[in-house]
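# A structural walkthrough
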Amino acid sequence: MVVPIPISVAALVRDGLVLLVHRHPSRRWYPDCWDLVGGHVESGELPHQAVSRECLEELGVHVHDPRPIPMTISDPTLDLHAFLVTRWEGEPVNAEPEEHDDLRWFRPSDLGDLKLAHPASLSSILSAVQVATD
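Read on for an overview of the structure. Within each chain, residue numbers correspond to sequence positions counted from 1 in written order. Local features in a predicted model are, by the rule used here, given only for residues with pLDDT of at least 70; side-chain atom pairs are given and counted only at 80 or more, and totals for whole chains, interfaces and linings are based on all residues. Heavy atoms from the whole structure form the basis of all side-chain values; hydrogens and water molecules are not counted.

### Structural notes on unusual backbone geometry
Selection criterion: Every helix listed is a DSSP run of H or I at least four residues long, and every strand listed is a run of E at least two residues long, numbered separately from the N terminus.
Its identity as a non-glycine residue notwithstanding, D15 has a phi of 55 degrees, on the positive side. Tracing the backbone shows D15 in the loop between β1 (5-14) and β2 (17-23). With a phi close to 50 degrees, Y30 is a non-glycine residue in the positive phi region. Looking at the element boundaries, Y30 is found in the loop between β2 and β3 (34-35).

Okay, here's the thing in structure tokens:
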């Protein structure tokens, strides 16, 4: 039996827009598609700690109060922990260009046209943006 890999991701939402990163085409897993920022939960790390670390490593921002949100994906090899982030210090930049070749803010209406790493997560991402703007 395969033990799912723990992953933490963040939906950074500002002014009704969500930040996505484009995974570099040379990536082994989920190449050439849009995704939430995040990555593996390290040994001894809690999921909210991992998402804070990943946002610092990949975007150069210090997040505050990441809130757990439900997230649906169809990959049974992943144990996904998703967080809504509406407060952070710094301006997000592509701090890991070997992992991502772009990052952009998207309106919810634009997300359906994107090639997402986890298409099943679309409704969860839309819900997160809605929660953030309420």
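There is more to say, and it comes next.
### Here's the deal with the layout of surface pockets
To be explicit about the condition: Residues are said to line a cavity or pocket when one of their atoms sits within 4 Å of a point; the points come from a 1 Å grid over protein atoms alone, cavities being sets where a 1.4 Å probe fits but cannot get out and pockets being open sets with protein on both sides within 12 Å along at least five of seven lines. Grid points are joined across faces, edges and corners, and a volume is the space filled by probe spheres set on the points.
Here the largest pocket is characterised by a volume of approximately 520 Å³. Surrounding the largest pocket, 29 residues form its lining, I7, R23, G39, H40 and L78 being those nearest its centre. When contributions to the lining of the largest pocket are tallied by element, the ones reaching two or more residues are β1, β4 (37-40), α1 (47-59) and β7 (78-85).

### Points about the packing of aromatic side chains
Here is the rule we go by: Any two rings among Phe, Tyr and Trp, with Trp reduced to its six-membered ring, count as a pair given centres within 6.5 Å; such a pair is stacked if its planes are under 30 degrees apart, edge-to-face if over 60, and tilted if neither. Throughout this description, buried means an accessible area under 20% of the type-specific maximum (1.4 Å probe, protein chains only), exposed means over 50%, and partly exposed covers the range between.
For the structure on display, the rule yields 2 aromatic pairs. Relative to F106, the ring of W34 has its centre 5.0 Å away and its plane inclined at 80 degrees; by these criteria the two rings are edge-to-face. You can see W34 sitting in strand β3 and its partner F106 sitting in strand β9 (residues 100-106), a full 72 residues away along the chain. Taking the relative accessible area as the measure of exposure, W34 reaches 8% and is therefore buried. Residues W88 and W105 carry aromatic rings whose centres are separated by 6.0 Å and whose planes lie at 15 degrees to one another, so their mutual orientation is stacked. In this pair, W88 is assigned in strand β8 (residues 87-89) and W105 in strand β9, connecting sequence segments 17 residues apart.

### Quick notes on the side chain of E54
The condition is simple: Whether two residues are in contact is decided by their heavy atoms, any of which lying within 4.5 Å being enough.
In this structure, E54 sits in helix α1. Excluding residues that lie within four positions of it along the chain, E54 makes contacts with V37, G38, G39, H40 and L59.

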